[in-house]
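For reference, the chains in residue letters:
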Amino acid sequence: MHTNSLVRNSGIGSNLYVIIVFCLIFLSNDVYADEIPIVISNTSQATIQIGANASNQEHFAATEIQTFIQKVTGTHLKILTNQQSTETPTVIVLGTPTTNPTIRSLQSAGDFKISDELDEEGYQLKSIDLGTEVVIVIVSPTSRGVIYGVYGFIEACITALTGLHPVHPDIHVQLDDTLRIPFLDEISNPFYPVRAVLEIDDPNWLARHRVNMSGGEGVWTGTGIEDGFGTAFKYVDTPEFSTLQDEPRDQRLERITSLQNRFKELKSRGIDAYLFMYLTGEPTEALIKTRPDLLGPEVLYGASRNEVSYRPFCWSKPEFHTLARKLTKEILKTYPSLAGFHLRSWGHETRACNCPDCGDRTPQGQAKLWDVYFTIIKAAREERPNFKFYLSGYDSSWLQDPDGRYARQLPKGTIFSQKWGADGEPVVDPNISIPQMNALGEMGHQYIVLSHDVEEVMPFWMIESDLFVQGVRKLANTPEVNGLSGFTIQGATQGLGYLDRLVSAGLNWNIQLDSQQLLENELMARYGNKEAADLILSALRINSWTLSSYFSDYAYSLTIGGSYGSGSAGLATRFWNLIGPKAIENTLLIPELKIAQTAVNRFTSLLAPQLRAANEMLAAKEIASPVDLEALQDLMDAVYLMRIWELLFQSRQKLVEAIALGYEYNTGSAINAKLSSAGEFSKSIQPLIKQIHEFVPLFGYSHQTNEFELVKTLQNEVEWLNSYDYRTLQQHDESFSPEKTEFLIREVHNYPNPLKRETTFTYILSLEADEVEITIYTASGRRIQILNEISAKEGYNEEEWDAQDAEGNPLANGVYFYKIRAMLEDEVVESIHKLAVIR
Ligand SMILES: [Zn+2]
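Please read these numbers as outputs of a predicted model, since none were measured by experiment.

Draft legend 1. The arrangement of the coordination of the zinc ion in detail. Those donors, Cys314 (SG), Cys353 (SG), Cys355 (SG) and Cys358 (SG), are the protein atoms that reach the zinc ion, and they lie 2.3 Å from it. Angles of 106 to 117° at the metal separate the 4 donor atoms of the zinc ion, which places the site in the tetrahedral class. All donors to the zinc ion come from one chain, and their sequence spacing reads C-x38-C-x1-C-x2-C. By relative accessible area, Cys353 is classed as buried at 0%.

So this is what it looks like as structure tokens:
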């Protein structure tokens, strides 16, 4: 590669020579003296150089540079090997000391030294001025590390173009025909060894997020029917298993080819592919027919193929273990690029055999289940000694190991995981067992936390970054946490929800990352200015805190978790569990005044910030300049989502106020007004649902299905409310009798306000009054009207007014005050409010 750069000049015309001289003068300018040219005026100034024997991962790394430079400059850089000569002033040399001889020769010439601080996956970026050319070295001890180094280099290029730091490779960058970067001298090592993703399947996306484990490969339906070891014959094409297959051979072959390619693709990006399987799930129909000798007695399971029951494998039968061994080995032979198995014992999907030998979910049954795990693990390791395992469902009731005796027998490096919080809900404290994590760490295993799962609050979750950052940093900074190996990132890649994924990916790599700046940069690049970015970020954060607060106790308005105020423990916080007849029926069953009052206060405290979030998002929309249609649609969706939550809280607040009224006063009309108001708020959510451009595909449901189901559920809710007998609430607790009710006037409003021609005053009296009057004043305090002898009954009252003064003249446009005053014997209560007239 040490080609003299002047070679370029031979045989070129004089015009070009002038340009080159001009460029050289230009280059001598201080501005560029310490910068390295990559592309100048649409002309490539750099060559990417890999070793002649570079690995697939290094080839991929080189093409990633090519792809991104093309994307930000429109110019194509060449990829050459160390055996070809380069003709550009800059050469980007990438590889390991073993795979790229140039790196070795630079080292032995004393131009460059590989840092001894580099971990296996760490990388080093170093620019070296050789006089004739500048070399940028991207080096790592492993090919996988070279890929990460390449992203480090790409980010340096983006920073040079945009001035933004830190950035993610996928950030929006405006095309520029020239790219110069400063001299680089950087070393970076990942913070966590396992950086997993379970459900996102774009290999490039995974690579660019510096993910090194893809844990949900294969079929994952969540039922145990098509995604268990019992149907894993579909992953192989072995004559021995042909009679155990349910599907036609061509269909199976198609799956096998596609998986083989996918695993290869993942491997070439430095990502370990783990094949997902429930252990053991429902066997194929063919097997149930032809091999009853492997099966236990029938078990009831509503999600089985016939929706009633199926016959599980008997974990005690040696014949089953023989089959499991053969199938495991066959799978490994079929997929040379497969890195590991993700084996899961969970819920009913993995119904145990309940024969006397297996004994279902007893300690004896658990021992038999572990036998199955070890049969599979042993067979796989015989086939490939470094084959890896990830066990999920460990230490729940599904795969128990109270004294760690089974974990101790597992291959070192086995990955275990724990969901964030009770069910992935967004909270700061993931509530994970640190002693268990540490115990597994001491055995040499790896323990990861599944980040709160966007799917759980879809389609309305936008960002949890703040909570995640706090939680992750708290764990990272807790000295006694020494078994933590990383976090998975799950959920959406589209909409503004994708911001979370940036933070998660970034923190897994660099725990000290300034994640706020990362998000702000991302938003600035998409929405054109800092003001819009700040408003969006602020609105998303407020929303994330409101929802986190709401899910912690459901604002005392739902019993889903067991009792009022118990929060989302044990139940996913999916939006459609919060709406619909069942949800509001449940709310209206609040059994005590005290709980209802707590709920009223909770919703009041949630509403104010949520309203602010909605307003800020709207304000952001006004000043943002979205870079493309997608950015605009994401922002509009965020505007609607902020408003939807606000309306939901409004609606629920009215419900709990109705309940409180039922206890406090014996008046139907006030309760009824609250209930219809709740219904109106639910109704107003529906058009917003229809405005949402793109719902996150919850469990694979399409956008249309999501939209349809949510609107229908809300409609049902409104209908249910309309037919609800408000008297039910008055009968709530007949034993409730206030000892002495305080004389109060509350909930004073006037609708409409601002008014045009008339308005209706509404107010609630805790006791029937002797007299109520409303006095209206101008803004300067002049009295212009008194309404007396007006409604004074206990509970809800309303009074219409034609907005005329005492002389019968319509009020002029402007702001007015009114004082409402109620008298009972010698007690007087009053309050002052504002109204406006706009004619
Ligand atoms: Zn059995």
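Draft legend 2. Seen up close, the pairing of strand E25 (residues 814-824). Examined bridge by bridge, strand E22 (residues 771-778) and E25 share 8 bridges and lie antiparallel to one another. Residue pairing for E25: Thr778 is matched across the bridge by Tyr816. Two strands pair when backbone bridges link them, and E25 and strand E26 (residues 827-837) are joined in this way by 11 bridges, in the antiparallel orientation. Paired with Phe817 across the strands is Lys834, a residue of E26. With antiparallel pairing between neighbouring strands as the criterion, E25 and E26 make up a hairpin whose turn holds 2 residues, including Glu825 at a positive phi of roughly 50°.

Draft legend 3. Geometry of unusual backbone geometry. The amide bond that connects His165 to the next residue, Pro166, takes the cis arrangement and shows omega of 0°. One can find Pro166 in the loop between helix H5 (143-162) and strand E8 (179-182). Following Leu279, the chain continues to Thr280 via a peptide bond in cis, the omega torsion being 5°. On the secondary structure map, Thr280 appears in the loop between strand E12 (272-278) and helix H8 (285-290).

Draft legend 4. Seen up close, the sheet that holds strand E4 (residues 78-81). Reading across from one edge, E4-E3-E5-E7-E6-E9 is the order of the 6 strands in this open sheet, with mixed pairing throughout. Edge positions in the open sheet fall to E4 and strand E9 (185-188), since each of these has one partner strand only. Each strand axis lies, on average, 20° off the axis of its neighbour in the sheet, ignoring direction. One ladder, built from 4 bridges, connects strand E3 (residues 46-50) with strand E5 (residues 90-95); its direction is parallel. When the sheet's bridge partners are listed, Ile48 is paired in E5 with Ile92. Running at roughly 60° to strand E6 (residues 123-129), H5 makes contact with E5, E6 and strand E7 (134-139) of the sheet.

Draft legend 5. Layout of the packing of aromatic side chains. Taken as a whole and assessed by the stated rule, the structure comprises 31 aromatic pairs. Here Tyr550 and Tyr554 contribute two aromatic rings whose centre-to-centre distance is 5.8 Å and whose plane-to-plane angle is 75°, an arrangement assigned as edge-to-face. The exposure class of Tyr554 is buried, given its relative accessible area of 0%. Members of the aromatic cluster, each reached through a chain of ring pairs, are Tyr550, Phe551, Tyr554, Phe575, Phe603, Trp645 and Phe649. Positioned above the aromatic ring of Tyr148 is the side chain of Arg195, whose terminal nitrogen or guanidinium carbon lies 5.1 Å from the ring centre.

Draft legend 6. Geometry of the confidence of the model for the protein. In this model, the protein carries an average pLDDT of 88, and 91% of its residues clear a pLDDT of 70 or more. Here residues 1-31 is modelled with pLDDT under 50, and outside its nearest four sequence neighbours on either side it reaches 24 contacts, counting other chains as well.

Draft legend 7. Highlighting a negative patch on the surface. A cluster of acidic side chains, namely Glu742, Glu768, Asp770, Glu771, Glu789, Glu825, Asp826 and Glu827, defines a negative patch on the protein surface. With respect to the helices and strands, Glu771 occurs in strand E22. Exposure remark for Glu771: the relative accessible area of 34% places this residue in the partly exposed category.

So, how was this worked out
- Residues numbered from 1 in each chain as written.
- Predicted model: local features only at pLDDT ≥ 70, side-chain atom pairs only at ≥ 80, totals over all residues.
- Heavy atoms only, no water.
- Donors = N, O, S within 2.8 Å, 3.2 Å for Na, K, Ca; no water.
- Tetrahedral: all angles 85-135°; square planar, octahedral: opposite > 155°, others 65-115°.
- Buried < 20%, exposed > 50% of the residue type's maximum accessible area, 1.4 Å probe, protein only.
- Pairing = 2+ DSSP bridges.
- Helix = DSSP H or I, 4+ residues; strand = E, 2+ residues; numbered from the N terminus.
- Axes fitted to C-alpha atoms, helices over the stretch in contact; angles between N-to-C directions.
- Contact = heavy atoms within 4.5 Å.
- Phe/Tyr/Trp six-rings, centres within 6.5 Å; stacked < 30°, edge-to-face > 60°.
- Lys NZ or Arg CZ within 6 Å of the ring centre and 35° of its normal.
- pLDDT = per-residue confidence, 0-100.
- Patch = residues over 30% accessible without salt bridge, like charges linked within 9 Å, V, L, I, M, F, W, Y side chains within 5 Å.
- Areas by Shrake-Rupley, 256 points an atom, 1.4 Å probe, with all protein chains shown as cover.
- Salt bridge = Lys/Arg side-chain N within 4 Å of Asp/Glu carboxyl O.
- Lys, Arg positive; Asp, Glu negative; His and termini not counted.
- Charge placed at Lys NZ, Arg CZ, Asp CG, Glu CD.

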